[in-house]
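Structural description and commentary
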Amino acid sequence: MGTESHSHPPESPSVPPSLHSHPHHHSEASLRAIVNRLARIEGHVRGIKTMVQESRPCPEVLIQIAAVRGALDRVARLILDEHLNECVTRAAQEGRIDQELAELKAALDRFLG
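Computed from a predicted structure; not experimentally measured.

Reading the values: the criteria
Residues numbered from 1 in each chain as written. Predicted model: local features only at pLDDT ≥ 70, side-chain atom pairs only at ≥ 80, totals over all residues. Heavy atoms only, no water. Patch = residues over 30% accessible without salt bridge, like charges linked within 9 Å, V, L, I, M, F, W, Y side chains within 5 Å. Areas by Shrake-Rupley, 256 points an atom, 1.4 Å probe, with all protein chains shown as cover. Salt bridge = Lys/Arg side-chain N within 4 Å of Asp/Glu carboxyl O. Lys, Arg positive; Asp, Glu negative; His and termini not counted. Charge placed at Lys NZ, Arg CZ, Asp CG, Glu CD. Helix = DSSP H or I, 4+ residues; strand = E, 2+ residues; numbered from the N terminus. Buried < 20%, exposed > 50% of the residue type's maximum accessible area, 1.4 Å probe, protein only.

A grouping of Arg37, Arg40, Arg74 and Arg77 is seen on the molecular surface, where their side chains present a positively charged patch. For Arg40, the position within the fold is in helix α1 (residues 28-53). Look at Arg40 and you get exposed, because its relative accessible area is 55%.

This next bit is on the environment of Leu80. Position of Leu80 among the secondary structure elements: in helix α2 (residues 58-93). A relative accessible area of 30% places Leu80 in the partly exposed class. In this structure the C-alpha to C-alpha distance between Leu80 and Leu104, which are 24 residues apart in sequence, comes to 9.2 Å.

Once that is clear, we can look at the pattern of salt bridges. Any two side chains of opposite charge can pair, so long as their charged atoms come close to each other. Counted under the stated rule, the structure contains eight salt bridges. Taking the shortest distance from any N to any O, the salt bridge between Arg46 and Glu42 comes out at 3.8 Å. Of this pair, Arg46 and Glu42 both sit in helix α1, four residues apart, roughly one helical turn. Residue Glu42 is classed as partly exposed on the basis of its relative accessible area of 47%.

In structure tokens:
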């Protein structure tokens, strides 16, 4: 459990390049926690797919979909918290707070949109 930093890829196809104006560095522990949660969600989604293939009752499937949505919301909150505590704080220290907040607002508009 070191305090190594990793940076996200410079660009991804689903996110506009303007949202990647600087590298985001996060602790190994933070990245591991988020990736582990996403892996559990991935397994849960595969389970839902199996339920559909087995023609399980629709209400059961919908309950599981709601559980996945809740889990994704919790991951989003973790990522937002990490971003506020690490990236926004760093941007303020580096004199880039206006740019960072504009990027965060754009991301939140899409997320909540």
